[in-house]
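Below are the chains, spelled out letter by letter.
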Amino acid sequence: MGKPTGFMEYQRRGNPAQAPQERVQHFDEFHPRLSREERRRQGARCMECGVPFCQSGSVLNGMVSGCPLHNLIPEWNDMILSGNWGHALSRLLKANSFPEFTGRVCPAPCENACICGIYGDPITVRDNELSIIEAAFGAGKLRPRRPPQWSGKKVCVVGSGPAGLAAADQLNRRGHMVTVIERAEHPGGLLMYGIPNMKLPKSVVRRRIDLMTEEGVTFVCGVDASEGAVAKRLLAEYDAVILDIMMPRVDGLTVLSRLRARGNRVPVLLLTARDGVSDRVKGLDSGADDYLVKPFALEELLARVRALLRRDAGRADNCYHLADLTVDCDARTARRGDVQITLSSKEFSILEYLIRNQGVVLSRDKIEQHIWNYDYAGGSNVVDVYIRYLR
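Right, let's walk through the structure included here.

The subject of this paragraph is the overall build of the protein chain. Check the secondary structure of the protein chain and you find 18 helices and 12 strands. Burial statistics for the protein chain: of 391 residues in total, 46% are counted as buried. For the protein chain, long-range pairs separated by at least 24 residues make up 63% of all intrachain contacts whose partners lie at least 6 apart in sequence. Carbon together with sulfur atoms contributes 51% to the accessible area of the protein chain, which is approximately 19400 Å² in total. Distance between charge centroids for the protein chain: 1 Å, based on 53 positive and 46 negative side chains.

Given below as C-alpha cells:
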C-alpha cells in the first residue's frame, strides 16, 4: 500500500465535465481528464483492502458486486501512485483486453463495492483505468505485436461486439489465425452502432480495430453468418467456431442445429449472455461442443478453445522431439526417455516455445512477449529464473 492515509488526506475528484453551454455545441466527449499529479492523488486513495471486493465480481441475489472481469484494481492504483505507468498498464491488461472501452462506458460496479465508499466516496476506479490506457496510447506503448509463431489453427469468431473482439484478440495473441465475421458494414457491433460518440467516440473503436488488424486479425464485414451457405462454408474452413446465440434473422442455435444435421462436426463454442441452466442445456443439445457465459475470464476462454482444438481427430501429430526429450503440445506433457517431467504451466509454455523454435536465437524480450504478453512489465530476471528451473 503506497500511502496508508491517502483515503483520509485526499478527496474524490472525478474527471470534470464541460459546461452545458459548451457541450451542446458538439457531439463529442465532454469529460476532460485530470492532470498526472491529481491522478496520482486519486490512486493514493485506494485502501488496498485485505479482501478487495472491488475486483471480486461476485453475484449477489442476481446482481453483480465488484468487477466481473476481476481487474487487479488495487495493484494498478498503487502503480499510479508510484508513477510506474508501464507496470500499471501490464496489470490492467492482464484481465481486460479493452480498458479504453470499459473506462468509458462500464457502469463501474467496482466503485459500488469499494470499501472506501461505505463511509465516504469510493475510489475513482473507472477514471483511473481510462487514464492508464489513454496514457499508454498517447505514449505509443500500444504498438502492434504479431505473434512470434502461428499455431496453424484457424478460428472463426462470428460477431464483432465486445465479447467477439476480446475472443479474437486473445486467440490471435496465442498464435491462432482468427477471422471475425460481421454482418454490419463496420466491425465493432454495439460499440460502433449502439453507443453515442459523447460516451464512446467511434475513433476509439476504430483505433483498436486497426491495431488488431495490424496484429493479424482478419475482419470480414457485410457477411451474414446466419445464411445457410455462409454458415456451411465457415464450418468447413475453420478448426473451431465461436458463435453467439442471439444473431439477426436466424438465431445461432437454429444455424448450429441445421449444420449438425448435415454431418458437420467442427468444434463450436457458444459465447453468450444467456446464463440459465435451460439455455445451457438447449445450446449443448443443439450441437455445441462447449458453452461459455459472458462476462468470462480470458484464461478460461483460451483453455476452452485449446480443448476444442484438441478434439480434431484428423490433426497432425503435435509432438516435438529433441534427443531423448519428447514434448506433446496437445497433452501438455514432457518426457525424458520413459520418465515424465513435472512442469508448472508457465514452465511448460516456455519449454514449448523453445522447442517449437529449435535453431532460432530467442532473446529475453521475445520470450517475455510470447509467454507473458502484456502481463509482464520487464526489468527483472524472471526469464533467467524459469530457464534455470527447466535446466
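For the structure shown, the criterion picks out 18 salt bridges. A salt bridge links Glu37 to Arg40; the nearest nitrogen and oxygen atoms lie 3.2 Å apart. Of this pair, Glu37 and Arg40 both sit in helix α3 (residues 36-44), separated by three residues, roughly a single helical turn. Accessibility expressed as a relative area gives 40% for Glu37, which makes it partly exposed. The residue Asp244 makes a salt bridge to Lys294 at a minimum N-O spacing of 3.0 Å. Placement of the pair is Asp244 in the loop between β6 (240-243) and α13 (252-261) and Lys294 in the loop between β8 (290-293) and α15 (298-310), with a sequence separation of 50 residues. Classification of Asp244 as buried rests on a relative accessible area of 16%. For Lys294, a relative accessible area of 28% puts it in the partly exposed group. Residues joined in a network through salt bridges with shared partners are Glu29, Arg104, Glu134 and Arg207.

With that settled, the discussion passes to the sheet that holds strand β10 (residues 325-328). Backbone hydrogen bonds hold the strands of a sheet together, and the pairing may be parallel or antiparallel. Read across the sheet, four strands follow the order β9-β10-β11-β12 without closing on themselves; strand pairing throughout is antiparallel. Only two strands of the sheet have a single neighbouring strand rather than two, namely β9 (319-322) and β12 (339-341). Put simply, the sheet's adjacent strands are angled 25 degrees from each other on average, direction ignored. In this structure, strand β11 (residues 333-336) lies alongside β12, joined through three bridges in antiparallel fashion. Bridge pairing links Arg336 to Val339 in β12. Along the sheet face, helix α16 (residues 345-356) touches β9, β10 and β11 and points at about 110 degrees away from the line of β10.

The next point concerns the pairing of strand β3 (residues 154-158). Where a strand is regular, its side chains alternate between the two sheet faces. Summarising burial for β3: four of the five residues are buried, a large majority. Taken together, β3, helix α9 (residues 162-173) and strand β4 (residues 177-182) constitute a β-α-β crossover, and its handedness is right-handed. In this structure, β3 lies alongside β6, joined through three bridges in parallel fashion. Across the sheet, Cys156 pairs through a bridge with Val241, a residue of β6.

Reading guide: rules and limits
- Residues numbered from 1 in each chain as written.
- Predicted model: local features only at pLDDT ≥ 70, side-chain atom pairs only at ≥ 80, totals over all residues.
- Heavy atoms only, no water.
- Helix = DSSP H or I, 4+ residues; strand = E, 2+ residues; numbered from the N terminus.
- Buried < 20%, exposed > 50% of the residue type's maximum accessible area, 1.4 Å probe, protein only.
- Contact = heavy atoms within 4.5 Å.
- Areas by Shrake-Rupley, 256 points an atom, 1.4 Å probe, with all protein chains shown as cover.
- Lys, Arg positive; Asp, Glu negative; His and termini not counted.
- Charge placed at Lys NZ, Arg CZ, Asp CG, Glu CD.
- Salt bridge = Lys/Arg side-chain N within 4 Å of Asp/Glu carboxyl O.
- Pairing = 2+ DSSP bridges.
- Axes fitted to C-alpha atoms, helices over the stretch in contact; angles between N-to-C directions.
- Right-handed = clockwise from strand over helix to strand, strands pointing away.

Bear in mind that shape data such as this cannot, by itself, settle questions of function.
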